[in-house]
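# Analysis of the macromolecular model
In case you want the letters, here they are:
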Amino acid sequence: MAARDWFGCERIEAPAAARELIEAVHTVPHVAALEAICARGGARIDADTIAFAGTWEAALRAAGGAAALADALLGDGARAGVSALRPPGHHAERERAMGFCFFDNVAVAARRARDAHGAERVLILDWDVHHGNGTNEIFHADPGVLFLSIHESPLYPGTGPAHDAGSGAGEGYTVNLPVPGGSGDAAYRSLVEHVACALIAVWEPQLVLVSAGFDAHRDDPLATCRVTEAGYAGMTASLRRACDAVGAPLGVVLEGGYDLGALSRSMAALMPVLLADAAPAPEELDRHPLAEQALGRLERWWPALSPRRSASGRSGG
Ligand SMILES: [Zn+2]
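Just so it is clear, the model here is predicted, and its values are computed rather than measured. (Residues numbered from 1 in each chain as written. Predicted model: local features only at pLDDT ≥ 70, side-chain atom pairs only at ≥ 80, totals over all residues. Heavy atoms only, no water.)

What follows is about the overall build of the protein. Along the backbone of the protein there are 10 helices and eight strands. Taken over the C-alpha trace, the protein has a radius of gyration of 18 Å; the compact-globule value for 317 residues is 20 Å, and the two agree within 12%. Principal axes of the C-alpha set define a box for the protein whose edges measure 65 × 45 × 40 Å. Out of the 317 residues in the protein, the part that is buried amounts to 53%. Counted over contacts in the protein with a minimum sequence separation of 6, partners at least 24 positions apart contribute 75%. (Helix = DSSP H or I, 4+ residues; strand = E, 2+ residues; numbered from the N terminus. Rg over C-alpha atoms; globule rule 2.2 N^0.38 Å. Buried < 20%, exposed > 50% of the residue type's maximum accessible area, 1.4 Å probe, protein only. Contact = heavy atoms within 4.5 Å.)

Here is the structure:
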């Protein structure tokens with residue numbers, strides 16, 4: 001990012017999140033426990049989640065940066081932006097740190113959009129190769145946050161089956177899109193274009209956030225999906241078109257991605273598309289069978305997404 005002069009972005013240092021921003025999505029004991037662990041020098045929280053003394057400030061700033069992104073997009077009129085911080089967040093549940101994650105940064109940003117900016121509808125697309133179990137849990141019963149996750153299955157953390165569609169008033173507002181190992185650009189791009197963007201068109205969110213992990217990349221060592229840089233750029237192009245059509249700003253929040261070359265090349269491919277003055281021209285994309293199946297499942301809550309209806313719509317024009 002620095003080598004490309006940050007793609008012309010205005011750079012803002014991430015502020016530490018105010019405690020109440022974190023406690024809007026996590027329990028008071030969870031926040032206090034991490035503070036205490038870090039104050040005494042750190043501890044291993046689970047097999048792959050280790051807190052050090054500096055983790056407290058890093059986690060506060062990762063959450064604060066995501067909240068500042070929501071402020072920039074909804075308060076200051078920016079059309080697109082990125083929160084490029086670690087530690088990642090999407091595995092952190094209301095009351096539990098796990099999977100390298102302490103606070104759910106994208107959830108803090110969505111909550112900030114709702115509470116401080118009056119956004120009634122926030123859509124989160126999680127394309128990290130792992131299921132965003134934390135975000136899934138936090139907004140499970142909330143019809144104001146539509147959460148979609150594309151994730152390799154089976155894979156850590158084992159959550160996110162297709163039949164988990166939310167609960168209570170939030171039923172239909174959790175959209176789990178598991179994909180088999182080896183899935184690549186065709187499946188990912190179609191799920192974004194034909195499912196996520198179709199939901200953006202019918203639901204008209206006031207903000208779209210991406211939980212952007214880059215560990216579905218074919219070079220990533222933690223999973224077996226085969227997405228390329230061009231795939232990430234293509235998914236971003238789809239989102240830009242859909243967001244522009246409904247007037248929603250688009251914010252990208254970094255999650256996982258463990259091959260640093262793949263991560264930086266993917267970000268470099270995505271940024272010009274994200275930040276372009278105009279959304280790229282539409283492309284004709286084949287509808288993948290996984291998208292077809294997902295649209296069939298969603299028909300119950302989202303009749304406008306019926307695969308029959310959109311298929312006939314497409315052939316008609
Ligand atoms: Zn991941």
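Protein-derived ligands of the zinc ion are Asp128 (OD), Asp128 (OD), His130 (ND1) and Asp215 (OD), with the metal-ligand distances lying across 2.0 to 2.7 Å. Because the angles between the four donor atoms bound to the zinc ion fall within 53 to 155°, the donor set is best described as irregular. For the zinc ion, all donor residues lie on one chain, and their spacing in sequence is D-x1-H-x84-D. Here Asp128, found in the loop between strand 4 (122-126) and helix 5 (133-138), pairs with Asp215, found in the loop between strand 7 (207-212) and helix 7 (229-246); they are 87 residues apart in sequence, far enough to count as distant. Each member of the pair, Asp128 as well as Asp215, carries the same accessibility label: buried. (Donors = N, O, S within 2.8 Å, 3.2 Å for Na, K, Ca; no water. Tetrahedral: all angles 85-135°; square planar, octahedral: opposite > 155°, others 65-115°.)

When the terminal C-alpha atoms of helix 7 are compared, their 26 Å separation across 18 residues agrees well with the 26 Å that a helix rising 1.5 Å per residue should span. Where burial is concerned, most of helix 7 is hidden: 14 out of the 18 residues are buried. Gly247 lies just past helix 7 and shows a positive phi near 75°. (Expected span 1.5 Å × (residues − 1).)

Strand order in this open sheet of six strands is 3-8-7-4-5-6, and the pairing throughout is parallel. If you trace the sheet from one side to the other, it starts and ends with strand 3 (80-83) and strand 6 (174-179), each paired once. For this sheet, the mean angle separating the axes of adjacent strands, direction not counted, is 15°. Packing against the sheet, helix 6 (residues 185-203) makes contact with strand 4, strand 5 (145-152), strand 6 and strand 7, and its axis sits at approximately 175° to strand 5. (Pairing = 2+ DSSP bridges. Axes fitted to C-alpha atoms, helices over the stretch in contact; angles between N-to-C directions.)

What follows covers helix 4 (residues 105-117). The end-to-end C-alpha distance of helix 4, which contains 13 residues, comes to 17 Å, matching closely the 18 Å that a straight helix rising 1.5 Å per residue would cover. Residues of helix 4 that are buried include every one of Asn105, Val106, Ala107, Val108, Ala109, Ala110, Arg111 and Ala113, and no others. Buried residues along helix 4 sit in contact with helix 1 (19-23), helix 3 (55-74), strand 4, helix 5, strand 7 and strand 8 (250-254). Of the residues flanking the end of helix 4, it is Gly118, one or two places downstream, whose phi is positive at about 70°.

With 52 residues, the main nonpolar core has Trp127, Leu148, Val195 and Leu199 as its most contacted residues. With 10 residues, helix 6 is the single largest residue contributor to this core. Apart from residues no more than four positions distant in its own chain, Val195 is found in contact with Leu148, Val175, Leu177, Ser190, Ala291, Ala294, Leu295, Leu298 and Leu305. In this structure, Ile37, Leu60, Ala113 and Val145 belong to the second largest nonpolar core, which totals 37 residues. (Core = buried A, V, L, I, M, F, W, Y, C linked by side-chain atoms within 4.5 Å.)

Scanning the model with the defined rule gives seven aromatic pairs in all. Ring geometry for Tyr173 and Trp203: centres 5.9 Å apart, planes at 55°, overall tilted. Taken together, the residues span a long stretch of sequence, with Tyr173 in the loop between strand 5 and strand 6 and Trp203 in helix 6 at a distance of 30 residues. Summarising the aromatic geometry, the rings of Phe214 and Tyr232 are spaced 4.8 Å apart at their centres and angled 65° between planes, so their arrangement reads as edge-to-face. (Phe/Tyr/Trp six-rings, centres within 6.5 Å; stacked < 30°, edge-to-face > 60°.)

Evaluation of the coordinates by the stated rule reveals 17 salt bridges. A salt bridge links Arg265 to Glu229; the shortest N-O distance between them is 2.6 Å. Of this pair, Arg265 sits in helix 8 (residues 260-275) while Glu229 sits in helix 7, and the two are 36 residues apart along the sequence. Looking at Arg265, the relative accessible area reads 37%, which means it is partly exposed. Glu292 is paired through a salt bridge with Arg287; the nearest N and O atoms lie 3.0 Å apart. Salt bridges sharing common partners tie together Arg111, Arg114, Asp115 and Asp142. (Salt bridge = Lys/Arg side-chain N within 4 Å of Asp/Glu carboxyl O.)

With that out of the way, let us pick up the confidence of the model for the protein. A residue-level look at the protein finds 97% of positions with pLDDT of 70 or above and a mean pLDDT of 95. Strand 4 holds the highest mean pLDDT among the elements of the protein, 99, whereas helix 10 (residues 307-316) holds the lowest, 53. Note on residues 312-317: pLDDT is under 50 here. Beyond four places in sequence and across chains, it has three contacts. (pLDDT = per-residue confidence, 0-100.)

Let us now look at the environment of Glu193. Note on placement: Glu193 falls in helix 6. Residue classification places Glu193 among the partly exposed positions, given a relative accessible area of 22%. Considering only alpha carbons, one finds Glu193 and Arg86, 107 residues apart in sequence, at a separation of 28 Å. If we ignore the near neighbours within four places in the chain, the residues touching Glu193 are Ala198, Ser238, Arg241 and Leu285. For Glu193, the side chain forms a polar contact with the side chain of Ser238, separated by 2.6 Å. (Polar contact = N/O pair within 3.5 Å; in protein donor to acceptor, adjacent residues only side chain to side chain.)

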